[in-house]
Amino acid sequence: MIGDKRKFIPVSHPILGAKEKQLVQECLDSSWVSSAGRFIPLFEEAFARYCGVPYGVAASSGTAALHLALLAMGVRPGDEVIVPGLTYVATANAVVYCGARPVFVDSEHETWNLDVRRVRECITPKTRGIIVVHLYGHPVDMDPILELARRRRLFVIEDAAQAHGAEYRGKRVGSLGELGVFSFFGNKIITTGEGGMVVTRDPDLRDRLRLLRGQGMDPGRRYWFPVVGYNYRMTNIQAALGLAQLEYIQERLEERRQVASWYYRELARLHDYLQLPVEREWARHVFWLFGIVLREKVALDRDHFMAALAEAGVETRPFFYPIHILPPHRDASARCPVAEAIAARGISLPTHSLLTEDEVRYIARQVEVLCRS
Ligand SMILES: *Cc1c(COP(=O)(O)O)cnc(C)c1O
């Protein structure tokens, strides 16, 4: 807006409007600011319904929701849980919170999601379940996973923290495994500031999640605690934000797809230099972040590429490090060469609702110059 202000295009940007203000204002005016209040059950019901399941249990963060999900499935010290090598660290951390061991499975070259064909070789007598992650908003190929899990009596938790509204064969993610986990962190598809939710069809799992979330207090007997629980509650203010955000999720998803279609059009000519996201025929991708993976032909290394984009006012993110190389999760036995290769050369470009066609064109032009340099 100001003529001499340097261009800065952020990687993500939440959209907060009049509805958010109105509902948060209602919390303040009514003094229902903590973890009781009408917006919490309203948000839980509305978001679960959006996912196509009856129950939602809101939590203070996506990570807390993942932890609750694993506890509700009965994960205990000594157990193993299969997780993708390429994901945000919270997926593996939640397994460690339970005293269990995350076992890292390699990625698919094209969708960047966990490779279903590699899951079988990760199963041991200690394996209790699988956490699939719909990475960057593209759903995992669920049918083979669910089939394998059924045969081997394993649970499937969907970490859908990056994929609100994404669809697998016409069904929303979060509704496909025993439990679906979402995050509402500030850079996710919809936000509550910090926040998360577990969604499920199973009323017993819902009750267990609620118990563990609320310090373990017996719902029928005040200050009686049959188990050690946690304080993982969401506040009414967060839920008010979430309810307002949910009202506009369809618009937000359409805007993201529009941005993605501009990127596809503008980057298509760089096919020899860049690997772009795919969308399988059974998938509806929500493009949480539009990623590119630099091919061999790009002379510049990934970090210099990103630094040059930052110089041009374009904020980016590197792909996640594969978890098995991070100090607390280091695992020399993990075999994730595809995840390692993608992680080392992947860059997430700005992806949010406020991006204009001109900005996407500008970003693509900067990318092109760097590819050819
Ligand atoms: C964001 C995210 C989480 C954690 O959510 P928080 O709300 O930040 O705790 C978990 N898993 C994945 C894949 C994520 O992207």
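On a predicted model such as this, the values are computed, not experimentally measured, just so you know.

A. Spatial organisation of the site of the ligand. In the vicinity of the ligand lie 16 residues, with Thr 63, Asp 159, Gln 162, Ser 183 and Lys 188 positioned nearest. Look at the ligand: alone it shows 380 Å² of surface, and the protein chains cover 94% of it. Where the shell around the ligand is concerned, the elements lending two or more residues are helix H3 (62-72) and helix H4 (90-97). Within the shell around the ligand, the residues separate by chemical class into six nonpolar, eight polar and two charged.

B. Representation of unusual backbone geometry in the model. Of note, Ser 31 is a non-glycine position whose phi angle comes to about 65°, a positive value. Among the structural elements, Ser 31 can be located in the loop between helix H1 (18-30) and helix H2 (39-51). In this structure Ser 31 comes out as exposed when scored by relative accessible area, which is 57%. Although it is not a glycine, Gln 215 adopts a positive phi angle of roughly 70°. Tracing the sequence through the fold places Gln 215 in the loop between helix H7 (203-213) and helix H8 (236-247). Owing to a relative accessible area of 37%, Gln 215 belongs among the partly exposed residues under this scheme.

C. A look at the sheet that holds strand E7 (residues 171-172). The sheet built from three strands is open, its strands ordered E7-E6-E11 with antiparallel pairing. Sheet topology places E7 and strand E11 (283-284) at the edges, where each strand pairs with a single neighbour. Of the strand pairs in this sheet, strand E6 (residues 167-168) and E11 are connected by two bridges, and their pairing is antiparallel. Note on E11: the bridge partner recorded for Tyr 168 is Ala 283.

D. Representation of the pattern of salt bridges within the structure. What the rule picks out here adds up to 26 salt bridges. The closest approach of N and O atoms between Asp 272 and Lys 297, which form a salt bridge, is 3.8 Å. Of this pair, Asp 272 sits in the loop between helix H9 (249-267) and strand E10 (274-275) while Lys 297 sits in the loop between strand E12 (290-294) and helix H10 (302-311), placing them 25 residues apart in sequence. If you follow the salt bridges from partner to partner, you end up with Arg 265, Glu 266, Glu 357, Asp 358 and Arg 361 in one network.

Conventions used here
- Residues numbered from 1 in each chain as written.
- Predicted model: local features only at pLDDT ≥ 70, side-chain atom pairs only at ≥ 80, totals over all residues.
- Heavy atoms only, no water.
- Near = heavy atom within 4 Å.
- Areas by Shrake-Rupley, 256 points an atom, 1.4 Å probe, with all protein chains shown as cover.
- Helix = DSSP H or I, 4+ residues; strand = E, 2+ residues; numbered from the N terminus.
- Nonpolar A, V, L, I, M, F, W, Y, C, P; charged D, E, K, R; others polar.
- Buried < 20%, exposed > 50% of the residue type's maximum accessible area, 1.4 Å probe, protein only.
- Pairing = 2+ DSSP bridges.
- Salt bridge = Lys/Arg side-chain N within 4 Å of Asp/Glu carboxyl O.

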